[in-house]
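Per-entry structural report
Spelled out, the chains give:
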Amino acid sequence: MPAWRELSGRERLLSLALTARLPLLIVGALGAAARWRPAAFILLAYLVTTIGLNLVIGAVEYRRTMSRPWPKVTARGDDDDW
């Protein structure tokens with residue numbers, strides 16, 4: 001993982017969001033072990049943030065990958081004969 005100073009603003013925000021969701025998991029798991037009813041909602045919030053962050057990170061990386069210049073390669077010949 002690159003050093004904190006090498007990250008862009010968007011990458012810092014996503015890194016912070018990934019780190020900030022950990023307390024939801026800890027509190028939810030401990031609360032569920034103690035049979036505390038709101039723990040289910042806390043674990044649900046953890047699940048939603050995890051899925052949402054994975055989708056956002058995937059979309060950002062996809063856009064970054066597809067916006068790079070493509071390599072120059074020669075075109076393939078006609079391969080309809082097989």
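Note: the structure precedes this text.
My aim in this report is to walk through the structure given alongside it, one point at a time. Quick caveat, the model's predicted, so the values are computed rather than measured. (Residues numbered from 1 in each chain as written. Predicted model: local features only at pLDDT ≥ 70, side-chain atom pairs only at ≥ 80, totals over all residues. Heavy atoms only, no water.)

**Here we look at unusual backbone geometry**
Let me state the cut-off plainly: Secondary structure follows DSSP: runs of H or I at least 4 residues long count as helices, runs of E at least 2 residues long count as strands, and numbering of each begins at the N terminus.
Phi angles above zero are rare outside glycine, and Arg35 is one such case at about 60°. Note on placement: Arg35 falls in the loop between α2 (22-33) and α3 (39-66).

**Details of α2**
Given 3.6 residues to a turn, an α-helix orients residues that are three or four positions apart in the same direction. Put simply, the rule is: Multiplying 1.5 Å by the residue count of a helix minus one yields the expected span of that helix.
End to end, α2 covers 17 Å across 12 residues, agreeing with the expected 16 Å (1.5 Å per residue, within 8%). Downstream of α2 by a residue or two, Arg35 has a phi angle that is positive, lying close to 60°.

**Comments concerning the pattern of salt bridges**
This is how it is decided: Counted as salt bridges are all cases of a side-chain nitrogen of Lys or Arg within 4 Å of a carboxyl oxygen of Asp or Glu. Only protein chains enter the accessibility calculation, which uses a 1.4 Å probe; a residue whose area is less than 20% of its type maximum is buried, one above 50% is exposed, and one in between is partly exposed.
One pass over the full model with this rule turns up one salt bridge. For the salt bridge of Glu61 with Arg64, the shortest nitrogen-to-oxygen distance reads 3.6 Å. Of the two residues, Glu61 and Arg64 are both situated in helix α3; the distance of three residues between them amounts to about one turn of the helix. Looking at Glu61, the relative accessible area reads 35%, which means it is partly exposed. Using a relative accessible area of 38% as the deciding quantity, one classes Arg64 as partly exposed.

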